[in-house]
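# Coordinates in review
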Amino acid sequence: KKIEAEADKEKMLSESDKKLALKEFERKQDVAEADKKISLSNSKLEKEKLIRNSIIGGSASLAFIGFLGFVNFRNKRKREKAELSQQISETEMKALRSQMNPHFIFNALQSIHTFLLSKKPEEAGEYLLKFSKLMRLILENSLHAEVPLNKDIEALELYMKLESLRLHYPFSYQLDIDKEIQTENITIPPLILQPFIENAIWHGLQYKPSPGLIDIKIKKQDDYIICRVQDNGMGRAFVKQNQAESSENKKSLGLQITNERLAVINKINKINNTNASFELTDLFDSDNKPSGTLVTLKLPCNGND
């Protein structure tokens, strides 16, 4: 019995140790599991922190790059605007010098002198009045990039009247403006048509052995103002054969300046996707002989109509 009691006691102690060992094992497992969860949690936090820092850093980098891009874009626009302003000033100054060229002024003064020598003071006074008014209009209009169409037409009519009086066979002109166009509201570059009219007179009508005609038509078409200047002169082929080289160079210069002005206009209107241009067409009669020149000028329609 004693031996059995001791055996039972040992058995009880062994069961107790097993329970204690099991509890210790379970405790260690719980601790390990907790440590694992803590480790995973810390790893997740580190990963989230890394992602968050990467996002913040990337956003900051993108914002900085965007800021640099904006600064560069703004500086580029400023440079383009400054360059465009300079081009506008240069082309308008060239146009002004072309319109007030010494040749035209000298001829105008010579005409006044001729009237006075011919004892025609009234004609001289009328010519001088038109000449001074034209000079004033040219100077006033040159201060603006665009002027009302009616103001520009007034200057062109004065110019044609003065030039007609000086030719051996004075020419006439007719002006047809679309009734839908309100000339006081539509604006165009000042004297943009003048070089074409000058060419029609000096490189066509002055060679004609009879009075000539300049026909000017202005109409609105979609988003453009279409100006047509037609003369019944001798034609460009005849003029090229009989014209002095200096006169031909002057003609080319006038068209070159007009091309430069239109190029600047196109830069200004690039956003509106409009295109200013002109086209020269040689005219022929029924016998296929030169009968003049037609110029078609297309300008963006500016102003309220």
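These lines cover the structure that appears in this document, whether it is placed above or below. (Residues numbered from 1 in each chain as written. Predicted model: local features only at pLDDT ≥ 70, side-chain atom pairs only at ≥ 80, totals over all residues. Heavy atoms only, no water.)

### Considerations on the overall build of the protein
Looking only at helices and strands, the protein has seven helices and eight strands in total. Per-residue burial for the protein yields a buried fraction of 32% across its 305 residues. If you take every contact in the protein between residues at least 6 apart in sequence, the share linking residues at least 24 apart comes to 72%. Total accessible area on the protein is roughly 19,700 Å²; 55% of this is exposed by carbon and sulfur atoms. (Helix = DSSP H or I, 4+ residues; strand = E, 2+ residues; numbered from the N terminus. Buried < 20%, exposed > 50% of the residue type's maximum accessible area, 1.4 Å probe, protein only. Contact = heavy atoms within 4.5 Å. Areas by Shrake-Rupley, 256 points an atom, 1.4 Å probe, with all protein chains shown as cover.)

### Digging into empty space enclosed by the protein
Under the definition given, this model contains four cavities of 30 Å³ or more. Around the largest cavity sit 14 residues that line it, and Phe196, Asn199, Ala200, Asp231 and Thr293 are the ones nearest its centre. The residue makeup of the lining of the largest cavity, split by class, is six nonpolar, five polar and three charged. (1 Å grid on protein atoms, 1.4 Å probe; cavity = no way out; pocket = protein on both sides within 12 Å on 5 of 7 lines; lining within 4 Å. Points joined across faces, edges and corners; volume = space filled by probe spheres on them. Nonpolar A, V, L, I, M, F, W, Y, C, P; charged D, E, K, R; others polar.)

### Thoughts on the packing of aromatic side chains
Describing an aromatic ring pair means giving the distance of the ring centres and the angle of the ring planes. A complete count under the given rule lists one aromatic pair for this structure. Taken together, a centroid distance of 5.0 Å and an interplanar angle of 55° make the contact between phenylalanine 196 and phenylalanine 278 tilted. Of the two residues, phenylalanine 196 is situated in helix 5 (residues 194–202) and phenylalanine 278 in strand 6 (residues 277–284); the sequence distance between them amounts to 82 residues. You can call phenylalanine 196 buried: its relative accessible area is 3%. Over the ring of tyrosine 224 we find lysine 298; its NZ or CZ atom is 4.7 Å from the centre of that ring. (Phe/Tyr/Trp six-rings, centres within 6.5 Å; stacked < 30°, edge-to-face > 60°. Lys NZ or Arg CZ within 6 Å of the ring centre and 35° of its normal.)

### What about the packing of helix 4 (residues 149–166) against helix 5?
In the contact formed by helix 4 and helix 5, the axes pass within 11 Å of each other and the chain directions differ by 15°. On the basis of the axis angle, helix 4 is roughly parallel to helix 5. Helix 4 and helix 5 meet at a crossing whose hand is right-handed. The residues of helix 5 that touch helix 4, namely those facing Leu156, Tyr159, Met160, Glu163 and Arg166, are Gln194, Ile197, Glu198, Ile201 and Trp202. Broken down by class, the residue content of the contact of helix 4 with helix 5 amounts to six nonpolar, one polar and three charged. (Axes fitted to C-alpha atoms, helices over the stretch in contact; angles between N-to-C directions. Parallel < 35°, antiparallel > 145°, perpendicular 65-115°, else oblique. Left-handed = near helix turned anticlockwise from the far one by under 90°.)

### Considerations on the nonpolar core
Of all hydrophobic cores here, the largest spans 46 residues; its most connected members are Ile197, Ile214 and Leu297. If one sorts the elements of this core by residue count, helix 4 sits on top with eight residues. Contact partners of isoleucine 214, with chain neighbours within four places excluded, come to Met160, Phe171, Ser172, Tyr173, Gln174, Ile197, Ala200, Ile201, Leu205, Val229, Gln230 and Asp231. (Core = buried A, V, L, I, M, F, W, Y, C linked by side-chain atoms within 4.5 Å.)

### Concerning the side chain of asparagine 266
For asparagine 266, the position within the fold is in helix 7 (residues 245–268). A polar atom in the side chain of asparagine 266 sits 2.5 Å from the backbone nitrogen of alanine 276. For asparagine 266, the contacting residues outside a window of four places in its chain are Thr274, Asn275 and Ala276. (Polar contact = N/O pair within 3.5 Å; in protein donor to acceptor, adjacent residues only side chain to side chain.)

### So, unusual backbone geometry
With a phi angle near 60°, aspartate 222 is a residue other than glycine that sits in the positive phi range. Positionally, aspartate 222 belongs in the loop between strand 4 (213–221) and strand 5 (224–231). The phi angle at asparagine 288 is positive, at roughly 65°, despite the residue not being glycine.

### Some words on the pairing of strand 5
The element strand 5 is extensively covered by neighbouring structure, given that six of its eight residues are classed as buried. In the sheet, strand 4 pairs with strand 5 via eight bridges, with the strands oriented antiparallel. Considered in strand 5, the bridge of isoleucine 218 is made with cysteine 227. Between the end of strand 4 and the start of strand 5, which pair antiparallel, lie two residues, with aspartate 222 showing a positive phi angle near 60°. Examined bridge by bridge, strand 5 and strand 7 (residues 290–300) share eight bridges and lie antiparallel to one another. Directly across from cysteine 227, in strand 7, lies its bridge partner leucine 297. (Pairing = 2+ DSSP bridges.)

### Examining the pattern of salt bridges
Taken as a whole and assessed by the stated rule, the structure comprises four salt bridges. A salt bridge links glutamate 126 to lysine 130, with the shortest nitrogen-to-oxygen separation between them at 2.7 Å. Placement of the pair is glutamate 126 and lysine 130 together in helix 3 (residues 121–141), with a separation of four residues, close to one helical turn. For glutamate 126, a relative accessible area of 46% puts it in the partly exposed group. The salt bridge involving glutamate 140 is made with arginine 136; its shortest N-O contact spans 3.2 Å. A residue pair is termed a helical-turn pair when its members lie 3 or 4 positions apart in one helix, as glutamate 140 and arginine 136 do in helix 3 at four residues. Relative accessible area serves as the criterion here: at 37%, glutamate 140 is assigned to the partly exposed category. (Salt bridge = Lys/Arg side-chain N within 4 Å of Asp/Glu carboxyl O.)

### Describing the pairing of strand 4
Two elements, strand 2 (residues 172–177) and strand 4, share six bridges in a ladder whose sense is parallel. Residue pairing across strands places leucine 175 opposite isoleucine 216, the latter belonging to strand 4.

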